[in-house]
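Understanding the architecture of this molecule
This is what each chain is made of:
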Amino acid sequence: MAKLVSETESTQSVLYRKKAPPLANRGTVSGGQRRGNVLTTAVGLQIPAELTFEDWERAGRQITGIVNSSAWWLGDWLVYGKEHYRDRYERGILAAGLQYQTLRNYAWVARRFEMPRRRAALSFQHHAEVASLLVEDQDKWLDRAEQAKWTTKQLRAGIRLSYATEVREVSPDEATRRLAVPGSHLERWRLAADQVGTDLRQWVLTTLDSAAAQALRD
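The notes below deal with the structure included here. (Residues numbered from 1 in each chain as written. Predicted model: local features only at pLDDT ≥ 70, side-chain atom pairs only at ≥ 80, totals over all residues. Heavy atoms only, no water.)

Focus: the packing of helix α1 (residues 53-84) against helix α2 (residues 89-96)
Put simply, the test is: Axis lines are fitted to C-alpha atoms, over the contacting stretch for helices. Their N-to-C directions set the angle, which ranges from 0 to 180 degrees. Runs of H or I in DSSP of at least four residues are treated as helices and runs of E of at least two as strands, each being numbered from the N terminus. By definition, residues are in contact when any of their heavy atoms lie within 4.5 Å. Ten residue types, Ala, Val, Leu, Ile, Met, Phe, Trp, Tyr, Cys and Pro, are classed as nonpolar, four, Asp, Glu, Lys and Arg, as charged, and the remainder, Gly among them, as polar.
Closest axis-to-axis distance for the α1/α2 pair is 9 Å, and the angle between their directions is 145°. Between α1, through Trp77, Leu78, Gly81 and Lys82, and α2, the contact on the second element is made entirely by Tyr89, Gly92, Ile93 and Ala96. Of the residues that constitute the contact of α1 with α2, the class distribution is 5 nonpolar, 2 polar and 1 charged.

Next comes the structure, spelled out in structure tokens:
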């Protein structure tokens, strides 16, 4: 299997190390790269010309796994920093050279899913698609996505279709109920919903349900 093995101290690592050929057939490629190795660098991949399709495919699967895992890693790293170094949190992010606004989404998704609830068979983006839902709905949709092997696009479409059906089934009396909300409050709520990547209605429902659950527990 492909393994991520340290190749140099800071700039390269071996993404895929092919089984070494007999001593008589060993050689090197430009830059000192050993034959059969796919090397990662800070600016790209070094891929040997003789790489087989199977090895190329295996390297792709490993890259995909690293990309998906790295989103969780960054999210957990940010959550830890927020909890332990609140006064130096943003300074640490700047020192690491990361874009704070983008990474806030990683942290938000990581908080919404404790480690035991994360599905290894699904991508970070699958989890992000359902992160704004109630916990039981998150699990329901992730179960469906995992069983049907849905892409994130298919998962998003399934949720939207379900939501559209739910809206159509609402009675006229329920549909005409209104709550008077000052414009300034509405704008703040809309900004908050945008920050976490969900629509206003879903954000309001999720926030109110969470507050209600907390009040009932207290």
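Here's the deal with unusual backbone geometry
Applied cut-off: With a 1.4 Å probe rolled over the protein chains alone, any residue whose accessible area is under 20% of its type maximum counts as buried; one over 50% counts as exposed, and the rest are partly exposed.
You will see that Lys149, though not glycine, has its phi angle at about 55°, which is positive. Along the polypeptide, Lys149 turns up in the loop between α5 (135-148) and α6 (152-168). With relative accessibility at 71%, the residue Lys149 sits in the exposed group.

Brief notes about a nonpolar patch on the surface
The criterion, for reference: To count toward a patch, a residue needs a relative accessible area over 30% and no salt bridge; like charges are then connected within 9 Å, while nonpolar side chains (Val, Leu, Ile, Met, Phe, Trp, Tyr) are connected within 5 Å. Using a 1.4 Å probe, the Shrake-Rupley method yields the accessible areas, and only the shown protein chains count as cover for residues. Only one rule defines a salt bridge in this text: a Lys or Arg side-chain nitrogen within 4 Å of an Asp or Glu carboxyl oxygen.
The grouping of Leu45, Ile47, Ile63 and Val67 at the surface amounts to a nonpolar patch, some 330 Å² of accessible area in total. In this fold, Ile63 is placed in helix α1. You can call Ile63 partly exposed: its relative accessible area is 31%.

Section: α1
For clarity, the cut-off: Helices are assigned an expected span. That span is 1.5 Å times one less than the residue count.
The first and last C-alpha atoms of α1 sit 46 Å apart over 32 residues, in line with the 46 Å expected at 1.5 Å per residue. Those residues of α1 that fall on the buried side of the exposure criterion are Asp55, Ala59, Gln62, Asn68, Ala71, Trp72, Gly75, Leu78, Val79 and Gly81.

Description of the pairing of strand β3 (residues 37-41)
Looking down a regular strand, the side chains alternate between one sheet face and the other. Spelled out, the test is: Two strands form a pair only when DSSP identifies at least two bridges running between them.
Bridge count between β3 and strand β4 (residues 44-46): 3 bridges; the pairing is antiparallel. In the sheet register, Thr41 faces β4, and the bridge partner there is Gly44.

Side note on the packing of aromatic side chains
What counts is decided by this rule: Only Phe, Tyr and Trp rings take part, Trp by its six-membered ring, and two of them pair if their centres are within 6.5 Å. Stacked means planes under 30 degrees apart, edge-to-face means over 60, and tilted covers everything else.
One pass over the full model with this rule turns up 6 aromatic pairs. Ring geometry for Phe53 against Trp56: centres 5.6 Å apart, planes inclined by 40°, an arrangement best described as tilted. You can see Phe53 and its partner Trp56 sitting in helix α1, 3 residues apart, about one turn around the helix. Ring centres of Trp141 and Trp150 lie 6.4 Å apart, and the angle between their planes is 35°; on these two criteria the pair is classed as tilted. The exposure class of Trp141 is buried, given its relative accessible area of 5%.

Thoughts on the side chain of Asn68
Considering the arrangement of structural elements, one finds Asn68 in helix α1. For Asn68, a relative accessible area of 19% gives the class buried. Contact partners of Asn68, with chain neighbours within four places excluded, come to Leu122, Ser123 and Phe124.

Remarks on the environment of Leu122
With respect to the helices and strands, the residue Leu122 is situated in the loop between α3 (100-112) and α4 (124-130). Given the relative accessible area of 4%, Leu122 is considered buried. Spatially, the C-alpha atoms of Leu122 and Asn68 are 9.0 Å apart, while their sequence positions differ by 54 residues. If we ignore the near neighbours within four places in the chain, the residues touching Leu122 are Asn68, His127, Leu142, Ala145 and Glu146.

Read these as layout, nothing more, since geometry by itself doesn't imply function.
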